[in-house]
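Here's the letter readout for the chains.
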Amino acid sequence: LLPLQEDESSRKGLRAIAEIIGELAEAGHPTPDVAGVVIFNAGSRSGMTSVARQRERLQADLGRDVSIFDTFIRTAKAASLHARTRGLLAHEVEIDLTENAAKYKAQVFADLRAGQPTTPKPGTKTVQGLASDYEALAMELQSRINHGEA
């Protein structure tokens, strides 16, 4: 899987990877199997538009049909930060927030009373959405593998 964000630098990096793979192939070396491109940090409302736009741009960049997953991973900064700082996967963040909701709420109020900045916690809907994005990506990848497309 090749991750791609919507910025030019990500596309530039993907072009560089494609060139390296092409050079490896020309030299007779083994090349990695690429299942496709996955768009990360897409706005949930603009995701499908983003996938179509990126497909067009990548086809222009690389000169051939590019396999872009239909599934995209939405932007969820608070959920992503919570996952990274606590060492959790997206679905584990959902469990953590549900099980520790009272503790997190008490900490926010304690910070406010003490005049300390609070760290925002992601809402459970955001976390559920992010977890479902990763689940959908895993299912799409498995489907491609089952059909010999990856």
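Residues numbered from 1 in each chain as written. Predicted model: local features only at pLDDT ≥ 70, side-chain atom pairs only at ≥ 80, totals over all residues. Heavy atoms only, no water.

### Quick notes on the overall build of the chain
Basically, it comes down to this: Only DSSP runs of H or I covering at least 4 residues are called helices, and only runs of E covering at least 2 are called strands; the numbering of each starts at the N terminus. Only the C-alpha atoms count toward the radius of gyration. The rule for a globule is 2.2 Å times the residue count to the power 0.38. Here the term buried applies to any residue with accessible area under 20% of the maximum for its type, exposed to any over 50%, and partly exposed to those in between, with areas from a 1.4 Å probe on protein chains only. Here Asp and Glu are counted as negative and Lys and Arg as positive; His is not counted, and neither are the chain ends. By convention, charge coordinates are those of NZ in Lys, CZ in Arg, CG in Asp, or CD in Glu.
When you go through the chain residue by residue, the secondary structure sums to six helices and three strands. Counting from the amino terminus, the chain carries its helices and strands in the arrangement β-α-β-α-β-α-α-α-α. Taken against the 2.2 N^0.38 rule, which gives 15 Å for 150 residues, the C-alpha radius of gyration of the chain at 19 Å runs more than 25% over that of a compact globule. C-alpha atoms of the chain, sized along the principal axes, occupy 65 × 30 × 30 Å. Put simply, the chain has 150 residues, and 27% of those count as buried. For the chain, the centre of its 18 positive side-chain charges and the centre of its 20 negative side-chain charges are spaced 10 Å apart.

### Here's the deal with the sheet that holds strand 2 (residues 37-42)
Our working definition: At least two DSSP bridges between two strands are required for those strands to pair. Under this scheme, a helix contributes an axis fitted over its contacting stretch, all axes are lines through C-alpha atoms, and angles between N-to-C directions fall in the 0 to 180 degree range.
Ordered in space as 1-2-3, the three strands form an open sheet in which the pairing is parallel. Strands at the two margins of the open sheet, each flanked by one partner only, are strand 1 (2-4) and strand 3 (68-74). On average, each strand axis in the sheet is inclined to that of its neighbour by 30°, with strand direction left out of account. Here strand 2 runs beside strand 3; their pairing, made up of four bridges, is parallel. In the strand pairing of strand 3, Phe40 is matched with Ile73.

### Side note on the pairing of strand 2
Across a regular strand the side chains alternate sides, sitting on one face of the sheet and then on the other. Sheet analysis places strand 1 next to strand 2, joined by three bridges and oriented parallel. Looking across to strand 2, one finds that Leu2 is bridged to Val37.

### Quick look at the packing of aromatic side chains
Applicable threshold: Each Phe, Tyr or Trp ring, with Trp reduced to its six-membered ring, pairs with another whose centre is within 6.5 Å; inter-plane angles below 30 degrees give stacked pairs, above 60 give edge-to-face pairs, and intermediate values give tilted ones. Here, a charge over a ring is recorded when the distance from Lys NZ or Arg CZ to the ring centre is within 6 Å and its angle to the ring normal is within 35 degrees.
Under the counting rule described, the total for this entry stands at one aromatic pair. Taking the centre distance of 6.3 Å and the plane angle of 55° together, the rings of Phe40 and Tyr134 count as tilted. Here the residue Phe40 occupies a position in strand 2, and Tyr134 occupies one in helix 6 (residues 124-146), the gap between them amounting to 94 residues. Taking NZ or CZ as reference, Arg144 lies 3.8 Å from the ring centre of Phe69, over its face.

### Observations regarding helix 1 (residues 8-26)
To be explicit about the condition: By this rule, a helix spans an expected 1.5 Å times one less than how many residues it contains. As used here, the arc is the angular range of directions from the helix axis to the C-beta atoms.
Its 19 residues give helix 1 an end-to-end C-alpha distance of 27 Å, which sits within 8% of 27 Å, the value for a rise of 1.5 Å per residue. Buried residues of helix 1: Ser10, Arg11 and Leu14, and no others. With its buried residues spanning 95° around the axis, helix 1 presents them on a single face. Exposed and oriented more than 90 degrees from the buried face of helix 1 are Ser9, Lys12, Glu19 and Glu26.

### Topic: the confidence of the model for the chain
Filter applied, for reference: Looking at any residue, its pLDDT shows the predictor's confidence there, from 0 to 100.
In this model, the chain carries a mean pLDDT of 81, and residues with pLDDT of at least 70 account for 90%. Element-level mean pLDDT values for the chain span from 75 in helix 2 (residues 47-62) up to 90 in helix 1.

### Some words on the side chain of Arg144
Note the threshold: A 3.5 Å cut-off defines polar contacts: any pair of N or O atoms within that distance qualifies, except that in protein one atom must be a possible hydrogen donor and the other a possible acceptor, and neighbouring residues in sequence count only when both atoms are side-chain atoms.
With respect to the element layout, Arg144 can be found in helix 6. A polar side-chain atom of Arg144 sits 3.3 Å from the main-chain carbonyl oxygen of Ile68.

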